[in-house]
Amino acid sequence: DYQTLDLFTLWAPAATRDSKRPMWSFCFPRGNPRFYIYTRGDSAPRKGLLEIAMNPFVFYSILQLLENLATGKAQQNKYLVETDRVDYDAPDRRRILGSVLEFGKDEEGVIYMMATADGYPRIPFKFDISDWHRFRKGDGTPFSDKEASCLQCQGFVAALREVAARFVGVTRN
């Protein structure tokens, strides 16, 4: 039971002209929310795949903070969510820091998400309108990057909440 929301993929620019674009996908294996970040970096662990596991409440809390950033209700411009993992190589199998999810607004007010862990590159994934579409105000002036990012993030969060509700916490035999 593995649901991937292919239409909810975030993309980042490719590191080089010949490399593939990094991608951020939202998955629900056995009803568990997951972020899968494909850095496309061969030097990163697990062939560049970074998985961030969470429970439904953490997942929806992250979506709420993203919405707050987009609507101007956030109390700050950046948030961090640290996620622990078990160190199976340690004799006592202790908990260690596995990854850090960072999301916020950059200097221009564009909303981004980024996940980091030991050995992985820092790649910001920005909420921006597809270059196939141009949003304009009634007088014809284009949306600023900040306005477009906030709109895109709000739409993304609203749609992701609705679609994810079908999969979060649902397990099948």
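Residues numbered from 1 in each chain as written. Predicted model: local features only at pLDDT ≥ 70, side-chain atom pairs only at ≥ 80, totals over all residues. Heavy atoms only, no water.

Colleague: Tell me about the environment of tryptophan 11, and name the residues and values.
Modeller: Looking at where tryptophan 11 falls in the secondary structure, it is placed in strand β2 (residues 10–11). Overall, tryptophan 11 belongs to the partly exposed group, its relative accessible area being 39%. For the pair tryptophan 11 and isoleucine 123, spaced 112 residues apart in the sequence, the C-alpha separation amounts to 9.9 Å. Contact partners of tryptophan 11, with chain neighbours within four places excluded, come to Arg21, Pro22, Met23, Arg40 and Phe125. (Helix = DSSP H or I, 4+ residues; strand = E, 2+ residues; numbered from the N terminus. Buried < 20%, exposed > 50% of the residue type's maximum accessible area, 1.4 Å probe, protein only. Contact = heavy atoms within 4.5 Å.)

Colleague: If you had to explain the sheet that holds strand β7 (residues 95–105) to someone new, which residues and values would you point to?
Modeller: With antiparallel pairing, the four strands of this open sheet are ordered in space as β6-β7-β8-β9. Of all the strands in the sheet, the pair left with one neighbour each is β6 (78–86) and β9 (125–126). Sheet strands in contact with helix α1 (residues 56–71) are β6, β7 and β8 (111–116), and its direction is about 25° off that of β7. (Pairing = 2+ DSSP bridges. Axes fitted to C-alpha atoms, helices over the stretch in contact; angles between N-to-C directions.)

Colleague: Run through helix α2 (residues 145–164), naming residues and quoting values.
Modeller: Residues lying three or four places apart along an α-helix face the same way, a consequence of the helix completing one turn every 3.6 residues. Taking 1.5 Å as the rise per residue, α2 with 20 residues should run 28 Å; its terminal C-alpha atoms sit 27 Å apart, in good agreement. Along α2, the positions that sit buried rather than exposed are Ala148, Ser149, Cys150, Cys153, Phe156, Val157, Leu160, Val163 and Ala164. Residues of α2 that are buried in the fold lie against β2, β3 (23–29), α1, β7 and β8. (Expected span 1.5 Å × (residues − 1).)

Colleague: Can you break down the side chain of serine 25 residue by residue, with the values?
Modeller: In this structure, serine 25 sits in strand β3. Given a relative accessible area of 3%, serine 25 falls into the buried group.

Colleague: Run through the confidence of the model for the chain, naming residues and quoting values.
Modeller: Taken residue by residue, the chain gives an average pLDDT of 90. The fraction at 70 or more is 97%. When mean pLDDT is taken per element in the chain, β9 scores highest with 97 and strand β1 (residues 2–4) scores lowest with 72. (pLDDT = per-residue confidence, 0-100.)

Colleague: Kindly report on α1, identifying the contributing residues and their values.
Modeller: For α1, which comprises 16 residues, the first-to-last C-alpha distance of 22 Å matches the rise-based estimate of 22 Å (1.5 Å per residue) to within 8%. For α1, the complete set of buried residues consists of Phe59, Ile62, Leu63, Leu66, Asn68, Leu69 and Ala70. Buried residues belonging to α1 abut β3, β4 (34–38), β6, β7, β8 and α2. With a side-chain oxygen lying 2.9 Å from the backbone nitrogen of phenylalanine 57, the N-terminal cap of α1 falls on asparagine 55. Of the residues one or two after α1, glycine 72 is the one with positive phi, at around 85°. (Polar contact = N/O pair within 3.5 Å; in protein donor to acceptor, adjacent residues only side chain to side chain.)

Colleague: Help me get a handle on the packing of aromatic side chains, residues and values and all.
Modeller: The description of an aromatic ring pair rests on the distance of the ring centres and on the angle between the ring planes. Summed over the entire model, instances satisfying the criterion amount to 12 aromatic pairs. Considering the side-chain rings of phenylalanine 28 and phenylalanine 167, the 6.0 Å spacing of their centres and the 25° angle between planes classify their relative orientation as stacked. Taken together, the positions of phenylalanine 28 in strand β3 and phenylalanine 167 in the segment after α2 put the pair 139 residues apart, joining distant regions of the chain. Phenylalanine 167 matches phenylalanine 28 in its accessibility class, with the two residues each being buried. (Phe/Tyr/Trp six-rings, centres within 6.5 Å; stacked < 30°, edge-to-face > 60°.)

Colleague: Describe the nonpolar core, and please don't skip the residues or the numbers.
Modeller: Soluble globular proteins tend to bury their nonpolar side chains together. Judged by nonpolar contacts, the single largest core of 39 residues is most densely connected at Trp24, Phe26, Phe35, Phe59 and Leu66. At the level of secondary structure, the elements contributing two or more residues to this core comprise β3, β4, β5 (49–53), α1, β7, β8 and α2. Broken down by element, the residue count for this core peaks at seven residues, all from α2. Here tryptophan 24 is in contact with Phe8, Thr9, Leu10, Phe35, Tyr36, Ile37, Leu101, Met113, Met114, Ala115 and Phe125, once residues within four sequence places are set aside. (Core = buried A, V, L, I, M, F, W, Y, C linked by side-chain atoms within 4.5 Å.)

Colleague: Explain the pattern of salt bridges to me, using residue names and the numbers behind them.
Modeller: Taken as a whole and judged by the stated rule, the model has eight salt bridges. In this structure, glutamate 51 and arginine 34 form a salt bridge, with 3.2 Å as the shortest nitrogen-oxygen distance. One end of the pair, glutamate 51, is in strand β5; the other, arginine 34, is in strand β4, and 17 residues separate them in sequence. Taking the shortest distance from any N to any O, the salt bridge between lysine 137 and glutamate 147 comes out at 3.1 Å. Of the two residues, lysine 137 is situated in the loop between β9 and α2 and glutamate 147 in helix α2; the sequence distance between them amounts to 10 residues. According to the relative accessible area criterion, glutamate 147 is partly exposed, its value standing at 34%. (Salt bridge = Lys/Arg side-chain N within 4 Å of Asp/Glu carboxyl O.)

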